[in-house]
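So you can see what is in the structure, the chains are spelled out below.
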Amino acid sequence: MMISVASGKGGTGKTLVATNLAASIGSVELLDCDVEEPNSYLFFPDLEERESSDCNVPIPVIDEDRCTRCGRCSEFCAYHALAVFPKEVLLFPELCHGCGGCDLVCPEGAVSMGTRAIGKIHRARSGGVRLLWGELFIGEPMATPLIRAVKAEARGDLLLVDSPPGTACPVIEAVRGSDFCLLVTEPTPFGLYDLSIAVQVVTRMEIPCGVVVNRSGIGDRGVYDYCEREGIPILLEIPMKREIAELTSRGVLFSKVMVEWQEKFVHLLERIEEAAK
Amino acid sequence: MKQLVVISGKGGTGKTTMTASLAALAKGEMVVADCDVDAPDLHLLLKPQVRETFDFYGLEVASIDPEKCTKCGKCEEACRFCAISDFAVDPAACEGCRVCTVVCPSEAVAMTDRISGHAFVSDTRFGTMVHAELFPGEEASGKLVTMVRELAAQVAEREGRDLVIIDGSPGIGCPVIASITGTDLALVMTEPSISGAHDLERILAVVEHFGVEALVAVNKHDLNPDMTERIGELCRDLGFDLAGKLPFDPGVVGAMVQRKTLVEVEGPVGDAIRDLWDKIRARL
């Protein structure tokens, strides 16, 4: 079973929920797919068996001897990653999506596909929790191939995916294929607006969803009214408490200190399993 | 014309609240642009009255004509984005590369434009606002960011404003890069937590990579004074100015609920933002 943890708005507590849920369950694979800013691993200071490898994407390699500068490749490239000049072909690797179109359309066979690294995939273990996370290199715009690569390494029966914020392509890639999506929000106008966009995304992807209200007690009733109106279950509320905020700010899983929360997170998993049926 | 962008690696550190407050302080002198196109919230505080609407064309999308398709499977094999299965295109996965149109022997694949969102030019109580909505799940958010920035620059020119304030998105990827390139100053928001510090280090590396000047502000600095101290050291080590420290104030959420900026209500955060604004002006 794959459970993704998402939210439209950033900073609502996706990682807080994903990490505390993982630690409370004890035996699970946690995939941090917020590859632009991966933070889950920071909450597991006792990481063992840590190793990493590069995430490579395809990239064209031009054989300048064979190339006649006909310009077909740059004409075809939908991403403007190739520019053909009289004496050379310039490649802008960050713009390339690796589709291989240039290779296909080159009449001289001057293009072959090589690879280049856009980030790292890290693996580690903390007790029964196996962690996988992607780390996008600085200056790289495209997160989706790395997210895809992280997810391809998953092999457990129970997978938790910590998604990036937003509602655009990296989120789609992270959430794709999940059996249930947990949407973390805060009870404020910003939280509500971004939750409503996130609900549209998962509904369109036909993934059942439920809500975790983080920092409950602040703001207004908008999120609650919305969930009731839309028939979306609120599966857990985490109150606004200074203790939780302080523990989290230091990189401590609050459920390890406020141990009554472990049961609540295990119960959350049960409610998800029920709702996903 | 100067461009100021408000960004953060980590989400939820107060970019939008900050942008709205700066827009209020620069009332009548600026154009404000919401470039957090896939989770835009600035409109909730600025309540824009839409003046003009523009269609945003994202990536093209492939479609297969079942009448012409011979089910040879060549397109599925060639597609690097796994967007074709059972001789149909998944529009959410298609990146518009057109490789399928080349490999199809029976001309069954066609590309069509798709409207992936809208951009708006609107009136607010502080001046003109340019904003956008990306349809949920669409690609090309970076391209829409660029469109919003171009519109904002045109409007600023037309209205004789010499400042554009840009609300960016969290992260370090394509929409962030599209919002910071070529700006005069980035205000980087963070919070005193292990995640905030980690993400700040990465976004500052991005800012440096693209040659953008930056100031840093710590939101809710008193929630973890030790971590704020560490962030201060990090900024010093990396050569950035920690220009603002905003105190934790439960009244901030109250202002948001009333749809007000923090300089329109009484409170310590508003004062801190005014101080920060003076530093920003001096840098610009």
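Residues numbered from 1 in each chain as written. Chains lettered and ligands numbered in written order. Predicted model: local features only at pLDDT ≥ 70, side-chain atom pairs only at ≥ 80, totals over all residues.

Draft legend 1. Structural detail: the packing of helix α7 (residues 194-209) of chain B against helix α8 (residues 225-238) of chain B. All names here are of chain B. Two elements in contact, α7 and α8, have axes whose closest approach is 10 Å; the angle formed by their N-to-C orientations is 15°. In terms of their interaxial angle, α7 and α8 are classed as roughly parallel. With respect to the hand of their crossing, α7 and α8 are arranged in right-handed fashion. Packed against α7, whose contacting residues are Ala197, Leu200, Glu201 and Leu204, the element α8 presents Met227, Arg230, Ile231, Leu234 and Leu238 at the interface. For the contact of α7 with α8, the residue count by class is 7 nonpolar, no polar and 2 charged. (Axes fitted to C-alpha atoms, helices over the stretch in contact; angles between N-to-C directions. Helix = DSSP H or I, 4+ residues; strand = E, 2+ residues; numbered from the N terminus. Parallel < 35°, antiparallel > 145°, perpendicular 65-115°, else oblique. Left-handed = near helix turned anticlockwise from the far one by under 90°. Contact = placed C-beta atoms within 7 Å. Nonpolar A, V, L, I, M, F, W, Y, C, P; charged D, E, K, R; others polar.)

Draft legend 2. Highlighting the sheet that holds strand β9 (residues 127-134) of chain B. All names here are of chain B. With respect to topology, 9 strands assemble into an open sheet ordered β3-β8-β9-β2-β10-β1-β11-β12-β13, the strand pairing being mixed. Edge positions in the open sheet fall to β3 (49-57) and β13 (241-245), since each of these has one partner strand only. Put simply, the sheet's adjacent strands are angled 20° from each other on average, direction ignored. Along the sheet, α7 makes contact with β1 (2-8), β11 (185-190) and β12 (214-218), crossing β11 at roughly 165°. (Pairing = 2+ DSSP bridges.)

Draft legend 3. Here's a closer look at the interface of chain A and chain B. Facing 52 residues of chain A, the contacting portion of chain B comprises 49 residues. Counting only elements with at least two residues in the side of chain A that touches chain B, the list comes to α3 (101-105), α5 (169-175), α6 (189-204) and α8 (242-249) of chain A. Ranked by residues supplied to the side of chain A that touches chain B, first place goes to α6 of chain A with 8 residues. Of the residues that constitute the side of chain A that touches chain B, the class distribution is 25 nonpolar, 19 polar and 8 charged.

Draft legend 4. How the structure looks around the domain arrangement of chain A. Annotation of chain A at the domain level lists domain 1 (2-46 + 127-276) and domain 2 (57-116). Using C-alpha coordinates to define each centre, domain 1 of chain A is positioned 39 Å away from domain 2 of chain A. (Domains from an automatic or database assignment.)

Draft legend 5. Up close: the environment of glycine 58 of chain B. Residue and element names in this part refer to chain B. Tracing the sequence through the fold places glycine 58 in the loop between β3 and β4 (61-64). Since 20 C-beta atoms lie within 10 Å of it, glycine 58 is described here as buried. Taking the C-alpha atoms as reference points, glycine 58 and histidine 198, 140 residues apart in sequence, are found 32 Å from one another. The contact partners of glycine 58, leaving out residues within four places of it in the chain, are Arg114, Ser116, Glu138, Glu139, Ala140 and Lys143. (Buried ≥ 20, exposed ≤ 12 C-beta atoms within 10 Å, placed from the backbone.)

Draft legend 6. How the structure looks around helix α1 (residues 14-25) of chain A. Residue and element names in this part refer to chain A. Helix length check: α1 (12 residues) gives 16 Å between terminal C-alpha atoms against 16 Å at 1.5 Å per residue, within 8%. Of all 12 residues in α1, 11 are buried, a share of seventy percent or more. Turning to α1, its buried residues number three or more, namely Lys14, Thr15, Leu16, Val17, Ala18, Thr19, Asn20, Leu21, Ala22, Ala23 and Ser24. In the stretch just after α1, glycine 26 is the one whose phi turns positive, near 90°. (Expected span 1.5 Å × (residues − 1).)

Draft legend 7. View of the sheet that holds strand β2 (residues 28-32) of chain A. All names here are of chain A. Taken in spatial order, the 9 strands make up an open sheet running β3-β6-β7-β2-β8-β1-β9-β10-β11, and their pairing is mixed. On the outer flanks of this sheet lie β3 (48-62) and β11 (234-239), each paired with one strand and no other. With strand direction ignored, the average angle separating the axes of adjacent strands in the sheet is 20°. Relative to strand β8 (residues 159-162), strand β1 (residues 2-6) runs parallel, the two sharing 4 bridges. Paired with serine 4 across the two strands is valine 161, which belongs to β8. Of the strands in this sheet, β1, β9 (180-185) and β10 (209-216) touch α6, which is tilted by about 170° from β9. Packing against the sheet, helix α10 (residues 260-276) makes contact with β1, β9, β10 and β11, and its axis sits at approximately 160° to β11.

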